[in-house]
Structure formats: structure tokens, C-alpha cells
Amino acid sequence: MVAKERLGQTDYNTSTSDRAREVYAGLTRLVHELLVSHILAPDPSMFTRDMIRALLLLLYYKPVETAAYSNRGVKSMGRIVHASKVNALSSLMIHSLVQRAASFIAIQESPRLLTPVLDHPDLASPADRKRALAEFRLWCTLVAADALGSLQSGRSTWTDPTAALKITRRFATLAADPTDVRRAAILELYSIVTVPTSAPAATHPVRYRLEHIVRINAQLDSWKAYWTPILADAQKRGDPLAYTVVQTLAQFVILSVNGAVFTRWDLDRKKELEEGKEGRPKLTNECVSALRTLARRPFPLD
């Protein structure tokens, strides 16, 4: 239901007629009522896979909260639209709802459900196979959304893709749906830069350092070598967005990580200058190796 309302809102928000604004406001109120009921008077029977999908859709297509921002003194429609759509705190709250709802119906168990289907496809009933694939697709989408939020904001991820990563390539090889290859490739791509490298690291926001670049770039090269031809083939076989993973998402990962590393280096340099030092942060052997690797690396990735 929420998903249908979101699609309707997208159309009406692009119009300036009085009737369109009236309809948009009505749809927004309906979304608000649905969210309030899920939060303050939750019905366990309403916690479904479709609810997770609707919340993920809401995450990407937030309604324009005209009344709320007007009451705060924001009068410019452009500023209201921007504040509604580009809202990190709102995304964080919706992510929290998604994670709790998904945990309630055990979506995180989907790798365990799919593994026996992949191991013994002839023994799985059509119903079990269909359910296992649908659950794993949803889990891939949820993990990717969480990883993207982490990459954009620097917060630690809430989902653990470890179990899913063990079967992503087998899932992609099965390719029961044209989009399955893309889902698997995205999961692996984001996991390169969001999965904590140690137990202590899992308790802190993501911090990229120069010494991490060698490992990250090596893994990105390995990812590219494996997935590029597979995604190109998937695009030919019916997924029109398959190759955008290489052309767009991989570039975004490179930009985000290298930008974060440069920003950290620049901050350290300025801090040293303020302290009266040379402004040249010490470089470990790993950092020197990373700089040499970056100097030799072609850009962009593709």
C-alpha cells in the first residue's frame, strides 16, 4: 500500500495545479497514518516482505513534507523539497525501521534457506525454491541499501552480509531472474568497503585511511575482473541496468573511498600546520605503497 502511494506522490509532486497539490497532500497524510500505525500500534500480521519493500521504496522516494517545514519557517518550495529528499536523519530513521521489521520476520536467515536449494536443487520443491530465492533477493536489496547508507554517511552498517557472500556467485549463476546477477554483484561491491575488517572496527563508524587503499583497490580490481563480463552478458539477456553497476556504482565507491582518504589526509595536514609542524603527516610503509599504487592506477575503473 505504501509503495503504491509513493508512486502516486512522485507523479503529483511534479505538477503545480491546485488539484495536484491537494492530491499529493492527501497521499502524504495517508503515508503518515500508515507509518504511525506501524510504529505506535503495530500489528504483527502486517510485518511482511511487502512492508519491507515499501519501506525501502520510502527510503529512496521520501515525500515532500511541506507542512512540517513551513511550520518551521521554511517558505521556499525549493528548500522544502531539498530538505525533504536529502535528509540524512530521515534516512537513518527509516533504515532503523527497515532493520527492525526485517529482523522481526527473520529475513536475515535467507542465506540459510537458499543454501540447501543451491546444494540440492532437485530435492527442493517449487514452492520452497521460489520462497528461498525471493527471500534472498530481498535480503540482498536490504543489505545493499544499508551499505549504501554507510558509504554515504560513514556510519557503521547494521546488516552482516557474511553468510550471503558465501553464496552470491552461485545465486548469480542460477540467474532465476534477470536481475539476480546485478543483485549479487552489488552485494559484493559494497561489501568490499563496508564490511568491518576486525571485531573492534565493527563498533565504530567507517573510517578509511591511506593504508586501506591497497587492499580496497586490489579487491575492486578482482571484483571488476570477475563481474564485468557477467554483468555485460546479464544486460544482453534482459536486465537493462546490469552494466550500470560497473559504469556507475563502482565509480561511486571509488570516489567515496578515495575522497574520504584525501579528506582525512588533508585534515591531518591542517592539524599539524596549526600545531606548528611541517604539515606532512607521517607515512607508513603501507601508506607509501598505497600512494604508489594510486599513481599507477588508471581512472576511471572501467
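Refer to the structure above for everything that follows.
Residues numbered from 1 in each chain as written. Predicted model: local features only at pLDDT ≥ 70, side-chain atom pairs only at ≥ 80, totals over all residues. Heavy atoms only, no water.

Participant: Pulling in residues and values, what's your account of the overall build of the protein?
Facilitator: Of regular secondary structure, the protein possesses 14 helices and 0 strands. If you list the helices and strands of the protein from N to C, you get α-α-α-α-α-α-α-α-α-α-α-α-α-α. Considering only contacts in the protein between residues 6 or more positions apart, those separated by 24 or more positions represent 70%. (Helix = DSSP H or I, 4+ residues; strand = E, 2+ residues; numbered from the N terminus. Contact = heavy atoms within 4.5 Å.)

Participant: Account for the packing of helix H8 (residues 126-153) against helix H13 (residues 244-274), with residues named and values stated.
Facilitator: It is at 9 Å that the axes of H8 and H13 come closest, and there the two elements cross at 35°. For the pair formed by H8 and H13, the contact residues are Leu148, Leu151 and Gln152 on the first element and Phe252, Val253, Ser256 and Val257 on the second. Looking at the contact of H8 with H13 residue by residue, the class counts come to 5 nonpolar, 2 polar and no charged. (Axes fitted to C-alpha atoms, helices over the stretch in contact; angles between N-to-C directions. Nonpolar A, V, L, I, M, F, W, Y, C, P; charged D, E, K, R; others polar.)

Participant: Please give an account of the nonpolar core that cites residues and values.
Facilitator: In this structure, Ile52, Leu114, Tyr190, Trp223 and Leu231 are the most contacted members of the largest nonpolar core, which totals 60 residues. Looking at which element gives the most residues to this core, the answer is H8, with 13 residues. What Trp223 contacts, discounting residues up to four positions off in sequence, is Ala185, Glu188, Leu189, Ile192, Thr228, Leu231, Val245, Val246 and Ala250. Core analysis: the second largest hydrophobic core is formed by 5 residues, Tyr24, Val64, Val74 and Ile80 among them. (Core = buried A, V, L, I, M, F, W, Y, C linked by side-chain atoms within 4.5 Å. Buried < 20%, exposed > 50% of the residue type's maximum accessible area, 1.4 Å probe, protein only.)

Participant: Can you break down the pattern of salt bridges residue by residue, with the values?
Facilitator: Pairing between side chains of opposite charge can happen when the charged atoms of each approach one another. Tallied over the full model, the rule gives 10 salt bridges. With a closest N to O distance of 2.9 Å, Arg169 and Glu188 form a salt bridge. Of this pair, Arg169 sits in helix H10 (residues 168-174) while Glu188 sits in helix H11 (residues 180-194); the two residues are 19 residues apart in sequence, bridging distant segments of the chain. Judged by its relative accessible area of 31%, Arg169 falls in the partly exposed class. Among the residues examined, Glu188 registers a relative accessible area of 12% and is labelled buried. Through salt bridges that share partners, Arg137, Asp180 and Arg183 make up one connected network. (Salt bridge = Lys/Arg side-chain N within 4 Å of Asp/Glu carboxyl O.)

Participant: Quick rundown of the packing of aromatic side chains? Include the residues and the values.
Facilitator: Tallying each qualifying case throughout the model produces 3 aromatic pairs. An angle of 50° between the planes, with centres 4.9 Å apart, marks the rings of Phe47 and Phe104 as tilted. Taken together, the residues Phe47 in the loop between helix H2 (18-40) and helix H3 (49-60) and Phe104 in helix H6 (residues 88-104) connect sequence positions 57 residues apart. Taking the relative accessible area as the measure of exposure, Phe104 reaches 52% and is therefore exposed. Measuring from centroid to centroid gives 4.8 Å for Phe136 and Phe171, while their planes differ by 65°, and the two rings are edge-to-face. With Phe136 in helix H8 and Phe171 in helix H10, this pair connects stretches of sequence that are 35 residues apart. Both residues of the pair, Phe136 and Phe171, belong to the buried class. (Phe/Tyr/Trp six-rings, centres within 6.5 Å; stacked < 30°, edge-to-face > 60°.)

Participant: So what about a nonpolar patch on the surface? Which residues, and what values?
Facilitator: The grouping of Leu89, Leu92, Met93 and Trp158 at the surface amounts to a nonpolar patch, some 400 Å² of accessible area in total. Relative to the helices and strands, Met93 is located in helix H6. (Patch = residues over 30% accessible without salt bridge, like charges linked within 9 Å, V, L, I, M, F, W, Y side chains within 5 Å. Areas by Shrake-Rupley, 256 points an atom, 1.4 Å probe, with all protein chains shown as cover.)

Participant: So what about unusual backbone geometry? Which residues, and what values?
Facilitator: In this structure, Ala106 takes a positive phi of about 60° despite not being glycine. Structurally, Ala106 is set in the loop between H6 and helix H7 (110-119). Of note in the backbone geometry, Ala175 takes a positive phi value of approximately 45° without being a glycine. Along the chain, the position of Ala175 falls in the loop between H10 and H11.

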